[in-house]
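Structure at a glance
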There are 2 protein chains.
Amino acid sequence: MARKAQPAGGYATGKDVAQRAGVSTITVSRVFNPAWEGKIRPETVERVRQVAQELNYRPNGVARSLVNRRTNIIAVVIGQSAGFFYSEILTDLVRRIQKSGRQALVFSLDLYDNVARILEQVAQHRVDAVVVTSSALRTDVMRPLEDMGMPVILFKRSAEQTNISGIWCDERQGALLAADCLLRTGCRQIGIVAHPHGGTGRAQAFAEELARQNITPVQTVWGDYSYESGQQAARKLLTDHQLDAIFCEEDTMAMACLDVARQEFGLRVPDDLAIIGFDNNTAAALPAYNITTVAHPIVDMLDALMEAIEQVTCDPHTPVRRQFEMSLLERSTTK
Amino acid sequence: MARKAQPAGGYATGKDVAQRAGVSTITVSRVFNPAWEGKIRPETVERVRQVAQELNYRPNGVARSLVNRRTNIIAVVIGQSAGFFYSEILTDLVRRIQKSGRQALVFSLDLYDNVARILEQVAQHRVDAVVVTSSALRTDVMRPLEDMGMPVILFKRSAEQTNISGIWCDERQGALLAADCLLRTGCRQIGIVAHPHGGTGRAQAFAEELARQNITPVQTVWGDYSYESGQQAARKLLTDHQLDAIFCEEDTMAMACLDVARQEFGLRVPDDLAIIGFDNNTAAALPAYNITTVAHPIVDMLDALMEAIEQVTCDPHTPVRRQFEMSLLERSTTK
DNA sequence: GTGAAAGCGCTAACAT
DNA sequence: ATGTTAGCGCTTTCAC
């Protein structure tokens with residue numbers, strides 16, 4: 001095979017192909033550009049393709065991006081408290097992006113301190129848009145990107161306080177659904193597991209709704225969306241009080257509560273204790289958990305996101321903003 | 001703020017900064033190049049940085065890549081039967097890549113037919129290396145990349161039949177561990193859930209080890225690594241036969257077996273039925289499942305992968321190949 | 001310490 | 001239907 005036909009060190013270029021095929025570089029360019037389909041003499045196309053194959057030539061996407069001022073790359077920034085939820089969303093999102101003819105450059109934030117550096121990398125890459133799913137990220141951190149004029153789309157995190165593009169849910173409304181469910185089924189001694197600066201306002205909205213019905217949450221304890229923090233939260237709540245319900249700001253913590261309640265406190269769920277989570281993780285839907293939870297209409301949201309990407313890559317200066325409603329999935333941890 | 005100082009439509013360039021700072025473009029380039037740190041008069045640096053900030057200037061990574069012949073991007077190709085396993089690996093991997101100063105361009109394969117097209121995109125992007133974790137991908141599909149001279153590293157999938165770079169496990173040895181465990185604890189009526197063309201040889205090695213001890217598996221049924229396929233497999237096995245153990249080629253299916261055995265057949269695990277999985281999913285480790293499983297030394301493997309990336313980006317023509325041993329995590333689904 | 005010229009690989013605009 | 005010219009934004013010589 002003609003494996004070694006390229007110039008040492010690098011890849012074959014359009015010029016290499018052009019010379020060997022006896023045409024100009026622009027002709028090679030056109031052969032590999034769908035827009036010129038059919039506007040080049042078939043035998044020329046044939047010859048160019050032939051030589052290209054011999055040389056293992058592929059158009060250099062980097063050079064193309066430079067000229068076209070479009071990379072066809074979407075940056076996807078995911079948060080550190082990924083848990084089960086974001087990693088699922090991630091693969092879905094990547095597939096959608098791929099299907100739209102683009103590619104996903106994925107960034108994962110684990111610590112606060114390097115966020116600026118990472119966003120700096122995003123900025124330098126001249127991606128066509130940035131999708132941010134990390135709810136732990138304060139919006140002002142994204143200012144450098146916005147100031148550059150790089151389109152930012154917040155996904156599945158509140159964008160209410162800003163005028164950036166965003167696809168999010170009315171999480172207060174979701175929290176109301178949870179509160180209603182518990183109150184409706186007779187729960188009165190209610191504990192809450194919340195993130196100290198989750199910024200989602202889920203627990204707050206939940207507590208407010210209880211208050212409207214003259215119920216005060218027995219206790220609120222903190223968790224960081226990890227399974228372990230959920231365990232500790234549950235131990236604390238169930239040791240200190242005689243509860244009949246726990247509301248968790250996130251499913252992974254709800255799963256931990258369920259395990260602790262059953263295995264460590266011998267409670268029957270939902271008879272002795274009801275548990276409601278938030279987010280509809282894949283894992284929470286497993287039969288051994290089957291957690292009642294407040295769910296995002298994730299498919300619709302992804303549809304909206306892809307539309308937003310399409311829009312925003314055409315006109316970066318008009319933000320696309322859509323809010324969705326949440327729904328309650330009543331499974332087996334509530335009556 | 002000087003938000004609108006850029007030329008219409010695009011981003012500020014080094015030239016823009018140079019003009020406004022009264023220097024040449026090359027000086028701007030140097031100010032933003034770490035290698036020139038300290039070799040430029042501090043007041044020049046100061047002035048350039050000042051103007052750059054006013055203009056929201058960032059060096060154009062695309063242009064840099066074109067000149068440097070390095071994108072600092074690693075392509076990561078993940079398979080369709082992602083389940084819980086790959087999505088976790090993915091976020092870990094992305095973080096590692098990030099920490100090494102590179103970025104991850106993620107591709108997800110869902111259907112067989114567009115694989116070639118997707119790999120074509122990978123090829124055009126001039127990524128510094130390609131990491132392939134999809135075990136459903138036949139190695140010959142990667143030939144175009146290799147022929148181009150683009151470094152491919154197989155990760156967590158057998159690379160034994162090839163001479164491509166790879167980081168993988170001795171899955172036969174892993175399967176032996178599972179077989180030993182079941183036989184040692186007195187299991188004799190053993191069912192198997194395998195992937196018809198998983199190509200991992202896990203079930204085969206498992207069966208061979210049983211044979212060495214004069215045991216024949218009662219039945220082998222097929223699953224595609226999904227939870228649902230695991231359910232069906234379990235129903236079939238447990239309806240047809242009186243088993244005392246099931247070996248699953250993958251954890252998600254083992255979880256399904258556990259649920260079906262407990263909830264639909266009223267079996268006690270591990271007393272009535274032992275279950276062993278493979279891969280050590282995060283979900284399989286949850287207390288409500290706590291599946292005994294054959295695990296990859298995933299941290300070591302990621303370390304090795306990052307080393308391999310480092311190597312291969314320097315010298316693309318010397319493959320880096322390492323095989324690891326697997327270990328048995330005895331949890332609560334075996335005696 | 002800084003600059004001028006050339007070129008990375010490609011394509012838009014204008015020829016022919 | 002194909003070629004020429006110029007330039008995308010940056011960096012690498014080689015000068016000064």
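Scoring rules and cut-offs
Residues numbered from 1 in each chain as written. Chains lettered and ligands numbered in written order. Predicted model: local features only at pLDDT ≥ 70, side-chain atom pairs only at ≥ 80, totals over all residues. Heavy atoms only, no water. Helix = DSSP H or I, 4+ residues; strand = E, 2+ residues; numbered from the N terminus. Rg over C-alpha atoms; globule rule 2.2 N^0.38 Å. Buried < 20%, exposed > 50% of the residue type's maximum accessible area, 1.4 Å probe, protein only. Least-squares fit on C-alpha atoms with pLDDT ≥ 70 in both. Contact = heavy atoms within 4.5 Å. Core = buried A, V, L, I, M, F, W, Y, C linked by side-chain atoms within 4.5 Å. Pairing = 2+ DSSP bridges. Axes fitted to C-alpha atoms, helices over the stretch in contact; angles between N-to-C directions. Buried area = accessible area lost by both parts, 1.4 Å probe. Salt bridge = Lys/Arg side-chain N within 4 Å of Asp/Glu carboxyl O. Polar contact = N/O pair within 3.5 Å; in protein donor to acceptor, adjacent residues only side chain to side chain. UniProt positions renumbered as here; feature names shortened; annotations may be inferred. Near = heavy atom within 4 Å. Nonpolar A, V, L, I, M, F, W, Y, C, P; charged D, E, K, R; others polar. Parallel < 35°, antiparallel > 145°, perpendicular 65-115°, else oblique. Left-handed = near helix turned anticlockwise from the far one by under 90°. Phe/Tyr/Trp six-rings, centres within 6.5 Å; stacked < 30°, edge-to-face > 60°.

1. What about the overall build of chain A?
Secondary structure summary: chain A contains twelve helices and twelve strands in total. For chain A, whose C-alpha radius of gyration is 26 Å, the value lies well above the compact-globule estimate of 20 Å for 335 residues. In terms of overall dimensions, chain A has C-alpha extents of about 85 × 45 × 35 Å along its principal axes. Counting the 335 residues in chain A, one finds 57% classified as buried.

2. A short note on the relation of the copies chain B and chain A
In the superposition of chain B on chain A (RMSD 0.1 Å, axial shift 0.0 Å), the rotation amounts to 180°. What we have between these two chains is a two-fold relation. Residue Leu105 of chain B, judged by its C-alpha, is the member of chain B lying nearest the rotation axis, at 2.2 Å. In this assembly, 100% of the residues forming the interface of chain B have copies in chain A that are likewise at the interface, indicating an isologous arrangement.

3. A closer look at the nonpolar core
Ranked by size, the top nonpolar core spans 97 residues in total, and within it Ile167, Phe206 and Leu305 of chain A together with Ile167, Phe206 and Leu305 of chain B carry the most contacts. Those residues within four positions of Leu305 of chain B in sequence are excluded, and the remaining contacts are Leu93, Val131, Ile153, Phe155 and Ile167 of chain B. With 56 residues, the next largest nonpolar core counts Val193, Ala261 and Tyr289 of chain A together with Val193 of chain B among its residues.

4. A word on the sheet that holds strand β5 (residues 165–169) of chain A
Either a parallel or an antiparallel arrangement is found when strands of a sheet pair, and the pairing is made through backbone hydrogen bonds. Strand order in the open sheet made by the twelve strands is β11(A)-β5(A)-β4(A)-β3(A)-β1(A)-β2(A)-β2(B)-β1(B)-β3(B)-β4(B)-β5(B)-β11(B), with mixed pairing throughout. The sheet is open, and its two edges are formed by β11 (321–324) of chain A together with β11 (321–324) of chain B, each paired on a single side. Between one strand axis and the next, the sheet turns by 20° as a mean value, whatever way the strands run. Direction of pairing for strand β1 (residues 73–78) of chain A relative to strand β2 (residues 103–108) of chain A: parallel, over a ladder of six bridges. Of the residues in β2 of chain A, the one forming a bridge with Ile73 of chain A is Gln103 of chain A.

5. Structural notes on the interface of chain B and chain A
Every contact between the two is made by 60 residues of chain B and, on the other side, 60 residues of chain A. The contact between chain B and chain A buries some 5,600 Å² in all, and 57% of this surface belongs to carbon and sulfur atoms. Contact with chain A buries area across many residues of chain B, yet Tyr11, Arg58 and Arg126 of chain B alone supply 14% of it, more than any other trio. Across the chain B-chain A interface, the total number found is two salt bridges. Counting the contacts that link chain B with chain A gives 20 residue pairs in polar contact (both at pLDDT 80 or more).

6. Let's talk about the UniProt feature "domain: HTH lacI-type" (unreviewed entry) in chain A
Taking the UniProt record as the reference, the feature "domain: HTH lacI-type" (unreviewed entry) is found at residues 12–68 of chain A. The span residues 12–68 of chain A carries 63% helix and 0% strand; its end-to-end C-alpha distance comes to 21 Å.

7. Focus on the protein's contact with DNA strand C
Every one of the 26 residues lining DNA strand C counts as a neighbour, but Gly14 and Ser29 of chain A together with Thr27, Ile40 and Thr44 of chain B are closest to it. Protein-adjacent atoms of DNA strand C, using a 4 Å cutoff, are sugar or phosphate at a proportion of 72%. The backbone of Asn60 of chain A places a nitrogen or oxygen atom 2.9 Å from a phosphate oxygen of DNA strand C. Note that a phosphate oxygen of DNA strand C is positioned 2.6 Å from one of the side-chain N or O atoms of Arg64 of chain A. The element best represented in the surface near DNA strand C is helix α4 (residues 61–68) of chain A, accounting for four residues. Taken together, the residues of the surface near DNA strand C sort by class into eleven nonpolar, eight polar and seven charged.

8. Some details on the protein's contact with DNA strand D
Close to DNA strand D lie 25 residues, the nearest being Thr27 and Thr44 of chain A together with Gly14, Ser29 and Arg64 of chain B. In DNA strand D, the atoms that sit within 4 Å of the protein are 68% sugar and phosphate, with bases accounting for the remainder. Thr27 of chain A places a side-chain nitrogen or oxygen 2.6 Å from a phosphate oxygen of DNA strand D. Taking Thr44 of chain A, its side chain carries an N or O atom lying 2.5 Å from a phosphate oxygen of DNA strand D. A per-class count over the surface near DNA strand D returns eleven nonpolar, eight polar and six charged.

9. Some points on the packing of helix α10 (residues 227–240) of chain A against helix α11 (residues 251–264) of chain A
Residues and elements named next belong to chain A. One way to put it is that α10 packs onto α11 with a least axis distance of 7 Å and a crossing angle of 50°. By the angle class used here, α10 and α11 are oblique. Note on packing geometry: the crossing formed by α10 with α11 is right-handed. Here Tyr227, Ser229, Gly230, Gln231, Ala234, Arg235 and Leu238 of α10 lie close against α11, whose contacting residues are Thr252, Met253, Met255, Ala256, Cys257, Asp259, Val260, Ala261 and Glu264. For the contact of α10 with α11, the residue count by class is nine nonpolar, four polar and three charged.

10. Focus: the pairing of strand β5 (residues 165–169) of chain B
Residue and element names in this part refer to chain B. Counting buried positions along β5 gives five out of five residues, so the element sits mostly inside the fold. Residues Ser165, Ile167 and Cys169 line one face of β5 and the alternating positions Gly166 and Trp168 line the opposite face, and both faces are buried. Sheet analysis places strand β4 (residues 152–155) next to β5, joined by three bridges and oriented parallel. Following the sheet pairing, Phe155 is matched in β5 by Ile167. With four bridges joining them, β5 and β11 adopt parallel strand pairing. For Cys169, the partnering residue across the bridge sits in β11 and is Phe324.

11. Side note on the side chain of Asn56 of chain A
Assignment of secondary structure puts Asn56 of chain A in the loop between α3 (42–54) and α4. A distance of 3.2 Å separates the side chain of Asn56 of chain A from the backbone oxygen of Asp147 of chain B, its partner in a polar contact.

12. Overview of the pattern of salt bridges
Inspection of the entire model under this criterion finds 31 salt bridges over all chains. Among the salt bridges present, the one from Asp272 of chain A reaches Arg268 of chain A, with a minimum N-O distance of 2.9 Å. Asp272 of chain A sits in the partly exposed class, given a relative accessible area of 26%. When its relative accessible area of 52% is taken as the criterion, Arg268 of chain A is described as exposed. Arg41 of chain B is the partner of Glu43 of chain B in a salt bridge, and the nearest nitrogen-oxygen pair spans 3.6 Å. The two residues Glu43 of chain B and Arg41 of chain B agree in class, both being exposed. Taken together, the shared-partner salt bridges connect Lys156, Glu171, Arg202 and Asp279 of chain A into one network.

13. Things to note about the packing of aromatic side chains
Residues and elements named next belong to chain B. The tally for this structure, following the rule as stated, stands at seven aromatic pairs over all chains. Taken together, a centroid distance of 5.3 Å and an interplanar angle of 70° make the contact between Phe32 and Tyr57 edge-to-face. Here the residue Phe32 occupies a position in the loop between α2 (25–31) and α3 (42–54), and Tyr57 occupies one in the loop between α3 and α4 (61–68), the gap between them amounting to 25 residues. Its relative accessible area of 11% is what places Tyr57 among the buried residues.

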